[in-house]
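# Chains, contacts and geometry: an overview
Spelled out, the chains give:
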Amino acid sequence: MTVKLGAREARMVELLSDYQKLTLPANLEIRYEGQGIGIDKEGDKLILSLKNDRFFPRALSLIQVLDDFDLPYYEEAKCPDLGFMPDLARNGVAKPETLKRLLTQLALMGYQSVQLYLEDILEVPGYPYMGYLRGRYTAEDLKALDDFAYDLGIELFASVQTLAHLDRFLRWSHMHEIRDIDGILLVKEPKTYEYLDAMLTQVSEIFRSRRVNLGMDEAHMLGLGRYLINNGYEDPTQLMLDHVLRVYDLVKAHDMEPMIWSDMFFRLATGGQYDSENISEEHFAEVRKVLPEDLQLIYWNYYSSKEKIYDEMLEAHLLMTPNIGFAGGAWKWTGYNPANAYSFFVADLAFSACQKHNIPYIVVTAWGDNGAEASFFSILPALQYWAELNYGHIKPDDAWLEQRFYTCTNASWKHFLALDEPVFTPGNPSPGKIGVNPPKLLLYQDILAGLVDYHFDGDAMAEHFSLMTRELDDLIQNDIPEDSWYRPILEANLALCRALAIKTRAGQDLRKAYKADDKDTLKRYKDHALPELIKYLEAFVTAYHKQWLAENKAFGLDQFDIKLGGVIQRVKTAIAYLDAYLKGEITEIAELGESLLPFDNRDFDAPHAVFDVEHAFWHNVVSPGLIDMI
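For the structure given in this document, a descriptive report is provided here.

### Observations concerning the sheet that holds strand β11 (residues 257-261)
Pairing in this closed barrel of 8 strands is parallel, and the strands run β5-β6-β7-β10-β11-β12-β13-β14 around the ring. Taking the axes of each pair of neighbouring strands and ignoring which way they run, one obtains an average angle of 25 degrees across the sheet. In terms of strand pairing, strand β12 (residues 296-300) meets strand β13 (residues 324-329) through 4 bridges, oriented parallel. Counted as the bridge partner of Tyr299 is Phe326 from β13. Strands β12 and β13 of the sheet are contacted by helix α11 (residues 307-320), whose axis makes an angle of about 160 degrees with β12.

### A few points about the sheet that holds strand β2 (residues 37-42)
What the 4 strands build is an open sheet, ordered β1-β3-β2-β4; its pairing is mixed. At either margin of the open sheet sits one strand with a lone partner, and together these are β1 (28-32) and β4 (73-75). For this sheet, the mean angle separating the axes of adjacent strands, direction not counted, is 20 degrees. As defined by bridge partners, β1 adjoins strand β3 (residues 45-50) across 5 bridges and the pair is classed as parallel. Counterpart to Leu28 in the pairing with β3 is Leu46.

### A few points about the pattern of salt bridges
Inspection of the entire model under this criterion finds 43 salt bridges. Put simply, Lys188 and Asp242 hold a salt bridge, and the shortest N to O gap is 4.0 Å. Taken together, the residues Lys188 in the loop between β9 (184-185) and α6 (190-206) and Asp242 in helix α8 (residues 236-253) connect sequence positions 54 residues apart. Across the pair Lys356 and Asp311 runs a salt bridge, and its minimum N-O distance is 3.2 Å.

### Considering the packing of aromatic side chains
Under the criterion given, the structure shown has 39 aromatic pairs. Ring geometry for Tyr303 against Trp331: centres 5.4 Å apart, planes inclined by 85 degrees, an arrangement best described as edge-to-face. Of this pair, Tyr303 sits in the loop between β12 and α11 while Trp331 sits in the loop between β13 and α12 (340-356), placing them 28 residues apart in sequence. You can call Tyr303 partly exposed: its relative accessible area is 29%.

### Brief notes about the nonpolar core
Counting 220 residues, the largest nonpolar core has Ile39, Phe84, Tyr111, Phe265, Leu383 and Leu530 as its most contacted members. Among all residues touching Leu530, those that are not within four sequence positions of it are Ile447, Ala506, Leu510, Tyr525, Val571, Ala574, Ile575 and Leu578.

### Remarks on the packing of α12 against helix α13 (residues 380-390)
At a minimum axis distance of 9 Å, the contact between α12 and α13 shows a crossing angle of 25 degrees. By the angle between their axes, α12 is roughly parallel relative to α13. Crossing geometry of α12 relative to α13 is assigned as right-handed. Two secondary-structure elements touch here, α12 through Asn340, Ser343, Phe344, Ala347, Asp348, Ala350 and Phe351 and α13 through Pro381, Ala382, Tyr385, Trp386, Leu389 and Asn390. Residue composition of the contact of α12 with α13, grouped by class: 9 nonpolar, 3 polar and 1 charged.

The rules behind these values
- Residues numbered from 1 in each chain as written.
- Predicted model: local features only at pLDDT ≥ 70, side-chain atom pairs only at ≥ 80, totals over all residues.
- Heavy atoms only, no water.
- Pairing = 2+ DSSP bridges.
- Helix = DSSP H or I, 4+ residues; strand = E, 2+ residues; numbered from the N terminus.
- Axes fitted to C-alpha atoms, helices over the stretch in contact; angles between N-to-C directions.
- Contact = heavy atoms within 4.5 Å.
- Salt bridge = Lys/Arg side-chain N within 4 Å of Asp/Glu carboxyl O.
- Phe/Tyr/Trp six-rings, centres within 6.5 Å; stacked < 30°, edge-to-face > 60°.
- Buried < 20%, exposed > 50% of the residue type's maximum accessible area, 1.4 Å probe, protein only.
- Core = buried A, V, L, I, M, F, W, Y, C linked by side-chain atoms within 4.5 Å.
- Parallel < 35°, antiparallel > 145°, perpendicular 65-115°, else oblique.
- Left-handed = near helix turned anticlockwise from the far one by under 90°.
- Nonpolar A, V, L, I, M, F, W, Y, C, P; charged D, E, K, R; others polar.

Set out below in structure tokens:
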């Protein structure tokens, strides 16, 4: 029998079917009633009882895996608005097609909203340097995405910055008249508010949603640059409050509903802390007097390993305002590999605390710090995990997650979790330590200087990446079809592991051989191992280009080329030094003669105890000299 759907449901099926294999059962009937998703049989009819049509995509994904003996089935969203926020401003600007695939996956998982983190990655009339040469979206691009999301039942809205994190936009001399310091806007300057009004006008005209995230986080140097020079010192708390209220008025003039990250308000009210220790209602007395009731504050915490911290911080936030949301993390911002296992771990803790405090809005963030190196899709398991938590599947088992993941993404749960495995090096077992991403550190550190060589056993590390190479190669060759949409992500990780299987021990071996005057080992590296390493690094560049260009606009890939080009050139330099040294043309290789110290002041007596160097960005690990962050 032909299934009769309304126009809206039929459009959802049409869009979803472009990305996922879906079967509509005969005699399907949809009823809009109840508070969640109900699935049951009435005679030969399959009845979907839905709170509203935004739940239809998830219900459709559920009926792909539920059998008659699973019925009746019922689930309800514990948080009424589960959202996702991809970072599109830190180098990786997703192609519209990438975001469409992601939106269909999120709809099938049961997400209600998506905020696009843009910073300057949208065109604004009168401001040609907004997103200049960075892959900015046109108004037409974003309107088309808004239409697509709306047709899937997802509310799409913008996450912008109206105070800080505008380094890339404010770097241009054309914009210095509205720049205070670094990436912070010059508050109280009329031209600043002209710019903000133009940007908010554009956002208001593009998106159906009236919600907007205004950012305003981490503006720690507020008032301490050009503002200080022009006006003298003023209390940052008052500057922040004045600016928030002025931007709030602009937003309300556009009939929009604002939210901001909570940290600046919290820190200013508590003397700089973003924790709950010794916090009382009195700390927030002044803030409460001026904070608009409809300005939502988003408490963000991607890190904490104790549920008590989430509980106490949510309680502290509720002393400031009842209008609170929460932002958790799907960890893709520490390197080329995601941290899905760590994301699961902290999701359990954070979600439990949010439920205790009836938090009505949760957004899962996927930041792109230091170049957006990991694939947008690499954290799909974390997104699935958050969705299943939200629909009542507490600590969901692997069998359920595997079923749900395939149904929502047309991909294998096992394949995507394999992206985590290279991170679990000796000393860093699953779920991994917070912010620790050894593959990135080992890739970027200099072959001769070896800034993190002090911290690990090169033989054990090389064995780990050799194992990863074999396992990923076997997985790709025997388990993933060549035309699979996600195969390039696994291929890039395989190429990385193959290079690291040589590079991780190379620096230590060279240093040891140099100090022992072992010219045979030095010659072997010069003639064989290092040329092979260059070949594998170049293969990684090729594989990563394929992954990047499948997902992102070309803009931003230049930074990857600069970083990897430097790594490769330094290996070539090492070969040249070794050749000259072995021929007697030079009498020393200065870097190899140095004795290494801990990278971050760890125990001098335990160089191989634990490999837990945290959050080491490229510009920190590539050289002992200072290099500006790119």
